[in-house]
Amino acid sequence: MHGYTDAKDDYLKRLRRVEGQVRGIARMVDEDVYCIDVLTQIAAVTKALQAVSIGLVEDHLAHCVVAAARQSPEEGAAKVKEASDAIARLVRS
C-alpha cells in the first residue's frame, strides 16, 4: 500500500481538474487568447500541481519513510535519501 492510498480519490479529483485546466490552456492558445491570460492559467496549473506534489511528499514521509525507519535504520536512511532526492527534483522544477 502506498502512502497516498487513503487520499487517492482526492488526488485523482485534483489531477482531473488540472487536466481540464491544461486542455483549457490549449484551447486558449488555439483561439489566440492574450498572452498574459494564458500565462495566468499556466501559473494556476503550476500551483495546483505543486499542491498535489506537496501532499504526496507529506503522505510519503508519514507512511513510507516512517514504516521503513521502523524496520531498520538502514531502510529508514534509504527512504529519507529517496525523499530528499524527490524534493530536490520538485524544487528545481
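Residues numbered from 1 in each chain as written. Predicted model: local features only at pLDDT ≥ 70, side-chain atom pairs only at ≥ 80, totals over all residues. Heavy atoms only, no water.

(A) Geometry of the pattern of salt bridges. Inspection of the entire model under this criterion finds three salt bridges. Residue Glu82 is joined to Lys79 by a salt bridge in which the shortest nitrogen-to-oxygen separation is 3.5 Å. Linking Glu82 with Lys79, this pair stays in helix 3 (residues 73–92), spanning three residues, or about one helical turn. With a relative accessible area of 39%, Glu82 lands in the partly exposed category. The salt bridge involving Lys81 is made with Asp85; its shortest N-O contact spans 2.8 Å. Here Lys81 pairs with Asp85, and both are found in helix 3, just four residues apart, close to one helical turn. (Salt bridge = Lys/Arg side-chain N within 4 Å of Asp/Glu carboxyl O. Helix = DSSP H or I, 4+ residues; strand = E, 2+ residues; numbered from the N terminus. Buried < 20%, exposed > 50% of the residue type's maximum accessible area, 1.4 Å probe, protein only.)

(B) Highlighting a nonpolar patch on the surface. A surface patch of nonpolar side chains, amounting to about 410 Å² of accessible area, comprises Tyr34, Ile36, Leu39 and Ile42. Mapped onto the elements of the fold, Tyr34 is located in the loop between helix 1 (8–30) and helix 2 (35–71). (Patch = residues over 30% accessible without salt bridge, like charges linked within 9 Å, V, L, I, M, F, W, Y side chains within 5 Å. Areas by Shrake-Rupley, 256 points an atom, 1.4 Å probe, with all protein chains shown as cover.)

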